Amino acid sequence: MPGDDQLLLEVKNLKKYFPIRRGAFGTVKKTVKAVDRVSFFIKKGETFGLVGESGSGKTTTGRLILRAMEPTEGEVIYHLEDREPFDLMKLSKKELWEFRRYSQMIFQDPYSSLNPRMTVRDIVAEPLIATKALQKEAVTQRIRETAKKCQVSIEFLRRYPHAFSGGQRQRIGIARALVLNPPFIVCDEPVSALDVSIQAQILNLLNDLQEELDLTYLFIAHDLSVVEHICDRVGVMYLGRLFEMATTRDLFFSPRHPYTEALMSAIPAADPSIIMEPIKLTGEIPSPINPPEGCSFHPRCRYAQPICSQSIPEWKEYSPEHFAACHFAGELELKGAFK
Ligand SMILES: Nc1ncnc2c1ncn2[C@@H]1O[C@H](COP(=O)(O)OP(=O)(O)O)[C@@H](O)[C@H]1O
Ligand code: SF4
Ligand SMILES: [Mg+2]
């Protein structure tokens, strides 16, 4: 574990279980374990990637660590420059409003996340107005500065979001997230909904903003090839659980979890002389309503042993800052995407 002075936040044993109500009386029959016993940390100034298939619990994790949603259990300890470390889950409503200045979210779908009845100016201004962060006269100045930084032209501020392309809309979404000058941003698959030709522009913008403003990012993605280029460290999620966490380099050279190995094998190699045999994952991703017992990956794992269907593997640090949850993480010799 890095020292407290390096950390921005620590997530401890985070859980979010959604009850599924059925029947005339709305009785709770089952629960979806969207996030289950997840622990990780994010360092100041880094980009931490969270990767997993659709439905693995990434968005829920992102929302929980901003407390945009209440957890079932768990702690999220923030270490902010000007404050003593605190557990976000223990803040009062009023304190939570103040916390909005420290963290914001960029959403996956820039078409549905911008209110079509508001002008671009009002969309960008909303967090400033809601938190009363600035005097009225300073608001216009801040909006203009932020728009400029995010490559949103000043003339656009009077218009409505429908007038813009996906890339422009995502720039507006980024401007809204940055208008309060927060040090930490959760980017929830910020380029997944965009044309491939626009994706690199948005990623470059996020990269430039990070350097200029000293930002820390949680970058959510459903595919490892995106995180390889932009993340310092990566966590791999599956059915609400974190399976592995390491520096990007360690993860790509020497994964310790069989699921990570399977994801790696599906990445096309940059060097065509390297031929990787994609590891076929048999079967669909199981339902989080009734996940498999023991290691939830065992029905699809080619290394599974009897113990895997009986006991849940512990989340352990195998080498400095390299964590995994697999009974055999210490023994298996797995193939990475880098040789
Ligand atoms: N409000 C909700 N009520 C019930 N189930 C939910 C809710 N939000 C998410 N889920 C379920 O939780 C799981 C994780 O969802 P999500 O965090 O959106 O995954 P991801 O972002 O990785 O695609 C999914 O099975 C999803 O259907
Ligand atoms: S615990 Fe067993 S089933 Fe799970 S990933 Fe490790 S070897 Fe595979
Ligand atoms: Mg999502």
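Residues numbered from 1 in each chain as written. Chains lettered and ligands numbered in written order. Predicted model: local features only at pLDDT ≥ 70, side-chain atom pairs only at ≥ 80, totals over all residues. Heavy atoms only, no water.

1. Some remarks on the site of ligand 2
Neighbouring ligand 2 are 13 residues, the closest being Cys-295, Cys-301, Cys-308, Cys-326 and His-327. Comparing atom positions with the cavity grids shows ligand 2 to sit within the largest cavity. In the shell around ligand 2, the residues fall into 10 nonpolar, 3 polar and no charged. (Near = heavy atom within 4 Å. 1 Å grid on protein atoms, 1.4 Å probe; cavity = no way out; pocket = protein on both sides within 12 Å on 5 of 7 lines; lining within 4 Å. Sits in = over half its atoms within 2 Å of the grid points. Nonpolar A, V, L, I, M, F, W, Y, C, P; charged D, E, K, R; others polar.)

2. Thoughts on helix α9 (residues 258-265)
Among the 8 residues in α9, 8 count as buried, and that is most of the element. On its buried face, α9 sits against α7 (224-230), β9 (233-238), β10 (241-247) and α8 (248-253). (Buried < 20%, exposed > 50% of the residue type's maximum accessible area, 1.4 Å probe, protein only. Helix = DSSP H or I, 4+ residues; strand = E, 2+ residues; numbered from the N terminus. Contact = heavy atoms within 4.5 Å.)

3. Some words on the domain arrangement of the chain
When cut into domains, the chain gives domain 1 (4-21 + 30-102 + 182-280) and domain 2 (117-181). Counting residues at the interface gives 17 residues for domain 1 and 15 residues for domain 2. Summed over both partners, the interface of domain 1 with domain 2 buries about 1300 Å², with 74% contributed by carbon and sulfur atoms. Taken together, the links from domain 1 to domain 2 amount to 0 salt bridges. In this assembly, domain 1 and domain 2 are joined by 2 residue pairs in polar contact (both at pLDDT 80 or more). With 8 residues, the single largest contributor to the side of domain 1 that touches domain 2 is helix α6 (residues 196-213). By residue class, the composition of the side of domain 1 that touches domain 2 is 13 nonpolar, 1 polar and 3 charged. (Domains from an automatic or database assignment. Buried area = accessible area lost by both parts, 1.4 Å probe. Salt bridge = Lys/Arg side-chain N within 4 Å of Asp/Glu carboxyl O. Polar contact = N/O pair within 3.5 Å; in protein donor to acceptor, adjacent residues only side chain to side chain.)

4. Comments concerning the layout of surface pockets
A volume near 380 Å³ is recorded for the largest pocket. Forming the boundary of the largest pocket are 16 residues, of which Arg-100, Ser-103, Gln-104, Met-105 and Phe-107 lie nearest the centre. Breaking the lining of the largest pocket down by element, the ones donating at least two residues are β6 (103-106), α3 (120-131) and α5 (166-178). The element that contributes the greatest number of residues to the lining of the largest pocket is α3, accounting for 4 residues. When the residues that make up the lining of the largest pocket are grouped by side-chain class, the tally is 9 nonpolar, 3 polar and 4 charged. (Points joined across faces, edges and corners; volume = space filled by probe spheres on them.)

5. Re the pattern of salt bridges
Considering all chains together, one arrives at 11 salt bridges under this definition. Across the salt bridge formed by Arg-67 and Glu-70, the nearest N and O atoms sit 3.0 Å from each other. Its relative accessible area of 42% is what places Glu-70 among the partly exposed residues. Among the salt bridges present, the one from Asp-87 reaches Lys-90, with a minimum N-O distance of 3.3 Å. Taking the relative accessible area as the measure of exposure, Asp-87 reaches 10% and is therefore buried.

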